[in-house]
Amino acid sequence: MARKMYRDAVRDTIFEEMKRDPNVVVLGEDVVGGMGTAGGPEAIGGIWSTSGGFYEAFGPDRVIDTPISESAIVGAAGGLALSGKRPIAELMFADFIGVSLDQIWNQIAKFRYMFGGKTKCPAIIRCIYGAGYNAAAQHSQSPHGILTGMPGLKVVMPSTPADVAGLMRQAIRDDDPVIFMEHKALYGMKGEVPDDPDFTIPFGHARLTRAGQDVTILATGMMVGMAEGAADKLAEDGIGADVIDLRTTSPLDEEAILDSVEVTGRLVIVDEAPPRCSLATDLAAIVANKAFASLKAPIEMVTAPHTPIPFARELESAYLPNPDKIEAAVRKALAYN
Amino acid sequence: MQLSREDLLESYRRMKIIRDFEDFLHDEIAKGEIAGFTHLYAGQEAVAVGVCEHLSDDDKIVSTHRGHGHCLAKGCDVEGMMKEIWGSREGLCKGKGGSMHIADVDKGMLGANGIVGAGAPIAVGAAIAAKIDGKDENGNLKVSIAFSGDGACNQGTTFEAMNMAVVTHAPAIFVFENNHYSEHTGFEYAVGTDKDIASRAEAFGMKVWRADGTDFSAVHDTMREVLEYVRAGNGPAAVEFDTERFYGHFEGDPQRYRAKGELDRIRAERDCIKKFRETVTEAKLLEGADLDKIDAEVASRIEKAVESARSAERPTAEDVLVDVYIDY
Ligand SMILES: Cc1ncc(C[n+]2csc(CCOP(=O)(O)OP(=O)(O)O)c2C)c(N)n1
Ligand SMILES: [Mg+2]
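All of the points below concern the structure found in this document. Everything numeric here is computed off the predicted structure, so don't read it as measured data. (Residues numbered from 1 in each chain as written. Chains lettered and ligands numbered in written order. Predicted model: local features only at pLDDT ≥ 70, side-chain atom pairs only at ≥ 80, totals over all residues. Heavy atoms only, no water.)

## A few points about the overall build of chain A
Across its full length, chain A holds twelve helices and 14 strands. Rg of the C-alpha trace for chain A: 20 Å, near the compact-globule value of 20 Å for 337 residues, within the 12% margin. Summarising its shape, the C-alpha atoms of chain A cover approximately 65 × 45 × 40 Å along the three principal directions. Within chain A, the fraction of its 337 residues that count as buried is 61%. When contacts within chain A are restricted to residue pairs at least 6 apart in sequence, long-range pairs at least 24 apart make up 80% of them. Accessible surface computed for chain A: about 12,200 Å², of which carbon and sulfur atoms make up 53%. (Helix = DSSP H or I, 4+ residues; strand = E, 2+ residues; numbered from the N terminus. Rg over C-alpha atoms; globule rule 2.2 N^0.38 Å. Buried < 20%, exposed > 50% of the residue type's maximum accessible area, 1.4 Å probe, protein only. Contact = heavy atoms within 4.5 Å. Areas by Shrake-Rupley, 256 points an atom, 1.4 Å probe, with all protein chains shown as cover.)

Structure, rendered in structure tokens:
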């Protein structure tokens, strides 16, 4: 085990996989940093410091610093993947999927199906997402819901450094296109990461982070820590919560969710995105449909409101879910009978 | 420089307002008072002012993530902007937008923008609207200006906008501010067309100009020509200004991509405000004392704006839920 930050787990796993497999290629804006300047390559790595040393180790053919051209970045990842490479494209902010959406939605996600299963498209699109930096409406979003709704894409949302390592390695070795959602507010989080160079976490396997009999709380990414915060507080009052970190939203570990709800009968879903046509409503629909008889209370959802993300500190914190809101939702679910 | 004394003083005042605004913010951000990402415009003032001095409120501009200079030059309220950057509900956008989304549509300022390359298509739409509205009694069209950086010129959206402006013959002007960097990347690496942005616009069929963006009179004179051409209904045009950014890409950028001594050199040799001062005093168009007076006046105005922003009303949780639609 090595103790490291979430961002270093991203960097180190990609680095190790690039050493192992010469087909792994990285591309994105400022992934080298300093190209065409007096400071030279790697004068400053990417703004998230998740690709330090790549260029020096693997050179310009495999570590491609791109112009600001998200459509071309993602599209090129698609072409690389159809040509036997394993591209890892970085969208500096997940919000920029807007610029590249055709290439994700109409191209990469659909190649295999449209081509009758005759090809694979092992591309990874790293999306740095989430609020917490007061970066306002175009630099704070959590678009995992719309991406999860796109058949053909796998969507990964790690919440710890260990999960970053295991899921990133799985993503790189996986033969389908993967959206890898890295929460920017978790980059500094520290945790133990296995040293095993083949450590992978299979997709579609949720992680139970707290165990209890009274309520099930579902969360992803930064919401996991918040759900745990609420669960720990509730535990002081003798209320036991299952906190389930979904890890991947596509494929989804339905079994883990349904098994837990069958025991607890009460469900609180936490999601950083707005509520309409979202991950939260999707999960609620699945449970309502498949575990209706187990439910003892209406499903509660703690989500962002149906608004863009506001800038001011007070506004952003009012916008986001937090442990207090989750605790209140749990108490509401428990009070129902 | 054929400007009147009054116009020269006003141009200097406007450039100085932008400089002081950004210098103050630079200090305040270092103290941790301001949330979010802030990209300062200091160094590029001659472009914003030299362009916008020719415009009325009915002419439109679309700005970038580095938008404070464009906003101020287009007439956005200094205090309203400062309050916005502080996230106050008295801010120009009620604390919803912050530095990257300042807008004042009544002033023809259609928004700073967090998405690099998003502005140019919007500017083309505004230009098409101006074309539909037609010429005024003097035979002039209103115009719409897209400010873009050397980085933004690599977005497909910018290319599409240029072509669409040409085929719709819209009174759009693409102002490229080449400050040599997009984030940490040099434009010599990222811009493939022989290190030249204007030639791209030319290839789309536009008339183009190039000028030193640190020379206020060059910017101002160039824009007079460009605007005459576009207002007369000759279709779109583009201008590339060579300019400098004095601070990091964002506040907190260690700027290790710069050459040793580069910042000192550009501040010494390529400071548009210093150069303006030297030119107008040497030509005896203005006295140093006139300018000193403006310096003092502007500094106290900005200081007051900061004070007012600091004590301005804060937004509340209920504010999150309004202005999503017309009715809430
Ligand atoms: C679509 C999109 N891609 C990337 C970014 C991140 N980003 C913000 S500013 C910037 C550099 C822009 O460079 P340039 O256009 O030259 O403007 P400058 O910063 O020099 O004013 C980048 C890459 C963004 N905001 N939007
Ligand atoms: Mg630039």
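## Topic: the layout of surface pockets
Approximately 750 Å³ is the volume attributed to the largest pocket. What lines the largest pocket is a set of 45 residues, and nearest its centre among them are His39, His65, Glu183, His249 and Phe250 of chain B. Counting residues per element, the ones that place at least two in the lining of the largest pocket are β2 (144-149) and β4 (181-182) of chain B. Ranked by the residues each element gives to the lining of the largest pocket, the list is headed by β2 of chain B, at three residues. Class assignment for the residues of the lining of the largest pocket results in 20 nonpolar, 16 polar and nine charged. As a volume, the second largest pocket reaches approximately 510 Å³. Contributing to the lining of the second largest pocket are 21 residues, with Ala137 of chain A together with Cys93, Lys96, Gly97 and His101 of chain B lying nearest its centre. A class-by-class count of the residues in the lining of the second largest pocket yields 13 nonpolar, six polar and two charged. (1 Å grid on protein atoms, 1.4 Å probe; cavity = no way out; pocket = protein on both sides within 12 Å on 5 of 7 lines; lining within 4 Å. Points joined across faces, edges and corners; volume = space filled by probe spheres on them. Nonpolar A, V, L, I, M, F, W, Y, C, P; charged D, E, K, R; others polar.)

## Some thoughts on the packing of aromatic side chains
Under the definition given, this model contains 15 aromatic pairs over all chains. Between Trp209 of chain B and Tyr229 of chain B, the ring centres sit 5.7 Å apart and the planes meet at 70 degrees, which makes this aromatic pair edge-to-face. Within this pair, whereas Trp209 of chain B is found in strand β6 (residues 207-212), its partner Tyr229 of chain B is found in helix α9 (residues 216-231), the two being separated by 20 residues in sequence. With a relative accessible area of 12%, Trp209 of chain B lands in the buried category. The class of Tyr229 of chain B is partly exposed, set by a relative accessible area of 21%. With a centroid separation of 5.5 Å and an interplanar angle of 75 degrees, the aromatic rings of Phe216 of chain B and Phe276 of chain B are classed as edge-to-face. Here Phe216 of chain B is found in helix α9, whereas its partner Phe276 of chain B is found in helix α11 (residues 272-282), with 60 residues between them in sequence. We classify Phe216 of chain B as buried; its relative accessible area is 3%. Taken together, the aromatic side chains of Tyr6, Trp48, Phe93, Phe96, Tyr133 and Tyr187 of chain A together with Phe37 of chain B make up a single cluster linked through ring pairs. Over the face of the ring belonging to Phe15 of chain A we find Arg11 of chain A, whose NZ or CZ atom lies 4.4 Å from the ring centre. Its end group placed over the ring of Tyr247 of chain B, Arg267 of chain B keeps NZ or CZ at 5.3 Å from the ring centre. (Phe/Tyr/Trp six-rings, centres within 6.5 Å; stacked < 30°, edge-to-face > 60°. Lys NZ or Arg CZ within 6 Å of the ring centre and 35° of its normal.)

## Looking at the site of ligand 1
Glu70 of chain A together with His65, Arg66, Gly114 and Gly151 of chain B are the nearest of the 22 residues found near ligand 1. At the site occupied by ligand 1, the surrounding residues belong to chains A and B. A distance of 2.8 Å separates an oxygen atom of ligand 1 from a polar backbone atom of Ala152 of chain B. For ligand 1, the cavity whose grid points lie within 2 Å of the majority of its atoms is the largest pocket. Residues of the shell around ligand 1, tallied by class, amount to eight nonpolar, nine polar and five charged. (Near = heavy atom within 4 Å. Polar contact = N/O pair within 3.5 Å; in protein donor to acceptor, adjacent residues only side chain to side chain. Sits in = over half its atoms within 2 Å of the grid points.)

## Observations concerning helix α3 (residues 70-82) of chain A
Residue and element names in this part refer to chain A. Given a rise of 1.5 Å per residue, 13 residues ought to cover 18 Å, and the 18 Å separating the end C-alpha atoms of α3 matches this to within 8%. Buried within α3 are the following residues: Glu70, Ile73, Val74, Gly75, Ala77, Gly78 and Ala81. Packing partners of the buried residues in α3 comprise β2 (24-28), β4 (86-91), α4 (97-108), α5 (111-114) and β5 (124-129). Remark: Gly84 follows α3 within two positions and exhibits a positive phi of approximately 90 degrees. (Expected span 1.5 Å × (residues − 1).)

## Some thoughts on the interface of chain B and chain A
Often, the extent of an interface is quoted as the loss of accessible area upon association of its parts. The partner chain A presents 41 residues to the 51 residues of chain B that form the contact. Between chain B and chain A, a total of about 3,400 Å² is buried, with carbon and sulfur atoms accounting for 64% of that surface. The interface formed by chain B and chain A contains one salt bridge. Residues Glu314 of chain A and Arg314 of chain B are paired through a salt bridge, measuring 2.6 Å at the closest nitrogen-oxygen approach. Applying the counting rule to chain B against chain A returns 21 residue pairs in polar contact (both at pLDDT 80 or more). When contributions to the side of chain B that touches chain A are tallied by element, the ones reaching two or more residues are α4 (78-85), β4, β5 (185-186) and α7 (187-190) of chain B. Partitioned by chemical class, the residues of the side of chain B that touches chain A number 23 nonpolar, 18 polar and ten charged. (Buried area = accessible area lost by both parts, 1.4 Å probe. Salt bridge = Lys/Arg side-chain N within 4 Å of Asp/Glu carboxyl O.)

## A closer look at the nonpolar core
In this structure, Ile14, Ile217, Val268 and Ile326 of chain A are the most contacted members of the largest nonpolar core, which totals 67 residues. Residue contributions to this core peak at eight residues, all from helix α8 (residues 222-236) of chain A. Look past the residues within four positions of Ile14 of chain A in its chain and what remains in contact with it is Val26, Phe54, Ile88, Arg126, Met168 and Ile172 of chain A. Tyr12, Phe21, Cys52 and Leu55 of chain B belong to the second largest nonpolar core, which has 64 residues in total. (Core = buried A, V, L, I, M, F, W, Y, C linked by side-chain atoms within 4.5 Å.)

## Considerations on a nonpolar patch on the surface
Residue and element names in this part refer to chain A. Where nonpolar side chains cluster on the molecular surface, the patch consists of Leu82, Met114 and Phe115 and spans about 270 Å² of accessible area. Along the polypeptide, Met114 turns up in helix α5. Assessed through its relative accessible area of 47%, Met114 is described here as partly exposed. (Patch = residues over 30% accessible without salt bridge, like charges linked within 9 Å, V, L, I, M, F, W, Y side chains within 5 Å.)

## Some points on the pairing of strand β7 (residues 178-183) of chain A
All names here are of chain A. Summarising burial for β7: six of the six residues are buried, a large majority. Across the two faces of β7 the burial is the same, with Val178, Phe180 and Glu182 and Ile179, Met181 and His183 all buried. In the sheet, β5 pairs with β7 via six bridges, with the strands oriented parallel. Each residue of the ladder has a partner; that of Ile124, found in β7, is Val178. Across three bridges, the pairing between strand β6 (residues 154-156) and β7 is parallel. Residue pairing in the sheet places Val156 in a bridge with Phe180 of β7. Note that the unit made of β6, helix α7 (residues 161-173) and β7 has a crossover that is right-handed. (Pairing = 2+ DSSP bridges. Right-handed = clockwise from strand over helix to strand, strands pointing away.)

Remember, this is a structural readout, not a statement about activity or role.
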